[in-house]
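Listed below are the residues making up each chain.
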Amino acid sequence: MKKLLLSMLLLLTCGFSFSQSISGTVTDEQQTPLPGVSIVVDGTRTGTTTDFDGNYTIQAETGTVLIFTYLGMKAQTKTVGSSSVLNVTMQQDAESLDEVVVTALGIESKKVSLANSVQNIKSEQLIQGNQTNMVNGLQGKVSGVSIVSSGGAPGTSSIILIRGGSSITGNNQPLFVVDGIPIDNSTNSSLDVASTNRASDINPNDVASISVLKGPAAAALYGIQAASGAVIITTKKGQAGVSQLSYSGSLSVDNIIGTPDVQSQYGQGMQVGSGADMVYDPESSFSWGAPISGGTPLYYNMEDFYKTAITQNHNVSYSTGNEKSNIYFSIGDLSQDGIVPSTSYDKTSFKINANSKFGNNLTIGVSGNYINSKTSSTRQGNSSGGSLNSLLAYPVNVNAKDYLNEDGSQKSFFLDQQFDNAYWSIANSPNTDDVKRLIGVVSVNYNFLNDFNLNYKVGTDDYHEFSKRVIGTGSLIENRDDGYINQFEKDHSRFTSNLLLSYSKTIAEDFSIDAMVGHSVEELDIRTTYTTGDGFQAPGIYSISNVSIEDQLITEVISRKRTVGVFGDIKLGWKNALFLTATGRNDWSSTLPANKRSFFYPSVGMSAVLTDLFNFSSDDFNFLKLRATWAQVGKDAPIGSLESSLGKNLNGAASSGYAWNGVDVGNPNLEPEFTDSYEFGADMRFLKNRVSLEVTYYNSKSDNQILTDIRVPPTTGTFYATLNGGSIENRGVEALLSARILTNPDSFTWETIFNFGTNKSDVVKLPGFLSEVYLSDSWTFRNSAAGAAVLNGSLFGLRGKRPERNENGDIIVQSNGLPNMQDTTYEDVNRIPDWSLGITNTFGYKNLSLSFLLDIVQGQEIYNATESALAYYGQSQNTLDRGQTIVIEGVDTSGNPNTTPVAMNQSYYQNYYALNSENFVEDGSFARLRYVTLSYKFPEKILDKLSLSAMELYATGRNLLTISNYSGVDPDVNTFGAGISGAGSMYIDNLGTANTRGFDLGLRFTF
């Protein structure tokens, strides 16, 4: 009986397994911990992921199998035994040596098979530096990409250029795509106030990865919109077997990076007369007065104007999932205070991403993102009442803070003052924007017949924007004493439908084929109502309803566009080492004439992994891939370019009729423009994949440009024209070098990344008589210069007022000792860098990590219009030699050497020196320490006590150091922002708010 009982007990014991807690560390072959490794109990929904240090804990029964998966590594299976500790070393997957990246139309591809240049940025890389604008988070991290912010005002826009520009007057920024659906990244004009680019609405904490498609070959399937490249954003999703509640938050302190250095030896006044008869008239905003006597109070108005800004950024997310469904939900709240009093940027976002699998073949996904952003701005640039423009008009012996009379009205500090005090403007002339935006995507994915997949995505990008600009009652601006209001309401709707049918098959053992055909429809509908009102009936009530009807002007603009496309892609692979790719797309665009709105463009590419083809890899030299592509991409016309507009009230005699106004001139014969490009590249890996190098050479030519608002001679019967013509050539080299130098997780780790890029954008042809094309929106202070595309020069060139010269290049000096000024172009000015280098380093010691980004930008010229304004007002340090005489080098009107002296007085500086743009073109090269971040990841003992799976405390310093010979405050400048297309305003410094230097303290933890 005892033997029978013992036998039964043994049988029962063997029939049951007991769950136990299994923990361990997952590392790569160099013993570097791997965060984010997925661990799932085979055949169940139970799973987890490794934390920041590669550690994990999971409940599993003895004898069950754990599956470890990680991108680019071979999947590992481990059987649970008697030990509660199970460490795993992941090995590089030779067949997926490169990462999987999201390419055109949301298609995931192994990078090893791509023939074109694509660079992938992970979530943790994007949020390094703690930038609130997602575009700024890419600065210095992508080779061949230039990103310049428009300043330190809260919510300001950033322009992004991939491999230069492809359009002389059109949009040169890349297409932004979120979860497979294009979104709007437009920017309003920043002439009066700093504006926000719409891509900044995306919360960086919701981004899982970003793929930057750099050339037409990479973006060919996106068609018209992607002629300047594409930025493909994939948002976060829930993971199978993992439930996480995460929080990240930071508190930031910012101060302006600097203010102009003004002279303090001469005070308020202007010079009247000359020589011995010269006197000082104190009734002036100029600093051309008498020397300041000792003991006189001095006011450094620009330095004292800016304040310390506080920013709070909070994000909470929840994610969960199993093998059938997953969900991700987040809430983000950003409250950014400005360094200019009364300015702010507040953004609240809600994000949901849900996917469910029905049966074995059907998956349905829903993604929604709601954003509400509110901006309060100050005036800038040439705008009257602009902060810097107003403050430099206050001499150092005049207190700008003393701006109110006893009755509360604005005080003028000299007779006939016709501009507003900066403090008065921020209190009485508000500038606000309110945007409510919804981005939604629904996707259906169906697998059938083993090798086929049908994918359909429909998405919408809708937002309502209400923008208001006010000049308050009591303004000193001429004809604005009763106030003024300028506002607009915009309803933007963008609908996108993409249908893809794909086929993937491995034929025999070595040959594979991937093919896809698709159809897309995009509809754009923008309705904008512009309203202006002159004079408020009741003071202080800044509403259009407070303006009498006869003083209101209302204009409604409706813009519509439809684009239909069909496309295909085929990729042939042999031995997973040799790939041939071809694409083709045909678009029909409503903005082109009916007989020319259909156009086709193809691309072809090849890549070869030579180390696999010829089997010559070793531990020292692991991988070599060569690639080459040729591509063409088309671009249509802007909305409304075909037809001319009629206007009425041209003069008193035609008050009831309509006539062609000669300004809004269309062209019914426009044709599409095309960009042809080719690139060659090589990807290499060394020392067991610890060192990688990617090098690319590219060349592209954009022909038959569609040029808008081209100024033509009045003899043509108009002032402006829209026409085809002109050609741009871009060429350059890109290199990405990454290395894991130290890899011991028990002591030190060191990883470094170098992003290098060169670019040259040349205008090789312009139509007819044109030698330049410029946009008047980039005119600087007193119209001294503007950005321009220059024939046989740079797309990002310059035109400006310059001394008249003879055929020998000598300055022609008139009898008064001064030259005549004329508007001419610069053939040698280039406002984009010759080359740039971003160096990212990450050092680790146990739980501590130190990372920094050094951004080196070299070779670009800056036009310093701010210094021109300082010289005009007599505030510049360069005007301290006033009273001396100078002989301008040149020849007189007879061709003889000039010998006529001229006094360096107020007239000289205002009418010659400050207007001569040659005096303010500077080398803008700089090296900037973008950020330094020190972080600490709490050990497992503390996490267990707090019931947390991960926690990190970090401190970040931003823009801590800048090395530059630029005489202005900030060489990283683009005052007019991203709202100016074509030649734009890159590296034009025109009385804007400089960038900030900041410090962040942040915390991240996960339950």
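Bear in mind the structure is a predicted one, so any value in this text is a computation, not a measurement.

Trainee: Sorry, what's going on with the packing of aromatic side chains here?
Mentor: For any pair of aromatic rings, the description rests on two quantities: the centre-to-centre distance and the angle between the ring planes. Tallied over the full model, the rule gives 40 aromatic pairs. Arranged with centres 6.3 Å apart and planes meeting at 45 degrees, the rings of phenylalanine 781 and tyrosine 873 form a pair that is tilted. Of the two residues, phenylalanine 781 is situated in the loop between β41 (772-774) and β42 (785-790) and tyrosine 873 in helix α8 (residues 865-873); the sequence distance between them amounts to 92 residues. Residues phenylalanine 781 and tyrosine 873 agree in their burial class; the two are buried. Ring centres of tyrosine 909 and tyrosine 913 lie 5.2 Å apart, and the angle between their planes is 70 degrees; on these two criteria the pair is classed as edge-to-face. Of this pair, tyrosine 909 and tyrosine 913 both sit in helix α9 (residues 906-913), four residues apart, roughly one helical turn. Exposure remark for tyrosine 913: the relative accessible area of 15% places this residue in the buried category. Among the aromatic side chains, those forming a connected cluster through ring pairs are Trp288, Tyr863, Tyr908, Tyr909, Tyr912, Tyr913 and Phe920. The ring of tyrosine 484 has arginine 480 lying over it, and the distance from NZ or CZ to the ring centre is 3.9 Å. It is arginine 799 that lies over the ring of tyrosine 774; its NZ or CZ is 4.1 Å from the centre.

Trainee: How do you make sense of the sheet that holds strand β52 (residues 921-923) when you look at a structure like this?
Mentor: Adjacent strands of a sheet form backbone hydrogen bonds with each other and so pair up, either parallel or antiparallel. Read from one edge to the other, the open sheet built from three strands follows the order β52-β48-β55, with strand pairing classed as mixed. The open sheet is flanked by β52 and β55 (988-989), the only strands paired with a single partner. Here strand β48 (residues 861-864) pairs with β52 via three bridges, running antiparallel. If you follow isoleucine 862 over to β52, its bridge partner there is glutamate 922. Each of β48 and β55 is contacted by α8, which is oriented at about 30 degrees to β48, the strand it contacts most.

Trainee: Just checking my understanding: could you explain the pairing of strand β2 (residues 38-41) for this structure?
Mentor: Looking along a regular strand, one sees the side chains alternate between the two faces of the sheet. Inspection of the sheet shows β2 paired to strand β3 (residues 47-49) by three bridges, in the antiparallel sense. In the strand pairing of β3, serine 38 is matched with threonine 49. Direction of pairing for β2 relative to strand β5 (residues 65-69): antiparallel, over a ladder of four bridges. In the strand pairing of β5, serine 38 is matched with threonine 69.

Trainee: What is the right way to read the environment of serine 559 from this model?
Mentor: With respect to the helices, strands and loops of the structure, serine 559 is situated in strand β28 (residues 552-574). Along the primary structure serine 559 and leucine 524 are separated by 35 residues, whereas in three dimensions their C-alpha atoms are 7.8 Å apart. Excluding residues within four positions of it along the chain, serine 559 makes contact with Leu524, Asp525, Ile526 and Ile639.

Trainee: I'm lost on the nonpolar core in this one. Help?
Mentor: When a protein is soluble and globular, its nonpolar side chains tend to lie buried together. In this structure, Met302, Phe305, Tyr306, Leu392, Tyr873 and Tyr908 are the most contacted members of the largest nonpolar core, which totals 54 residues. Among the secondary structure elements, those contributing two or more residues to this core are α4 (301-305), α5 (387-391), α6 (422-428), α8 and α9. The dominant element in this core, judged by the number of residues it contributes, is α8, at six residues. With sequence-adjacent residues up to four places away left out, tyrosine 873 is seen in contact with Ser285, Phe286, Ser287, Trp288, Asn389, Leu392, Ala393 and Phe781.

Trainee: Which parts of the structure should I look at to understand the pairing of β42?
Mentor: Across the six residues that make up β42, a large majority, six, are buried. Here β42 shows no split at all, with Ala785, Gly787 and Ala789 on one side and Ala786, Ala788 and Val790 on the other all buried. Where β41 lies against β42, three bridges are found, and the strand directions are antiparallel. By the bridge assignment, valine 773 is partnered in β42 with alanine 789. Note: β42 against strand β43 (residues 797-803), four bridges, orientation antiparallel. Residue alanine 785 lies in a different strand from β43, and its bridge partner there is glycine 800. Where β42 hands over to β43, the hairpin turn is made up of six residues, of which asparagine 792 adopts a positive phi near 65 degrees.

Trainee: Is there a simple way to explain the sheet that holds β5 in this structure?
Mentor: Spatially, four strands are ordered β3-β2-β5-β6 in an open sheet, and the strand pairing comes out antiparallel. In the strand order of this sheet, the two ends are held by β3 and β6 (76-79), each with one partner. Averaged over all adjacent pairs, the angle separating strand axes in this sheet is 20 degrees, with direction ignored.

Rules used in this analysis
- Residues numbered from 1 in each chain as written.
- Predicted model: local features only at pLDDT ≥ 70, side-chain atom pairs only at ≥ 80, totals over all residues.
- Heavy atoms only, no water.
- Phe/Tyr/Trp six-rings, centres within 6.5 Å; stacked < 30°, edge-to-face > 60°.
- Helix = DSSP H or I, 4+ residues; strand = E, 2+ residues; numbered from the N terminus.
- Buried < 20%, exposed > 50% of the residue type's maximum accessible area, 1.4 Å probe, protein only.
- Lys NZ or Arg CZ within 6 Å of the ring centre and 35° of its normal.
- Pairing = 2+ DSSP bridges.
- Contact = heavy atoms within 4.5 Å.
- Axes fitted to C-alpha atoms, helices over the stretch in contact; angles between N-to-C directions.
- Core = buried A, V, L, I, M, F, W, Y, C linked by side-chain atoms within 4.5 Å.

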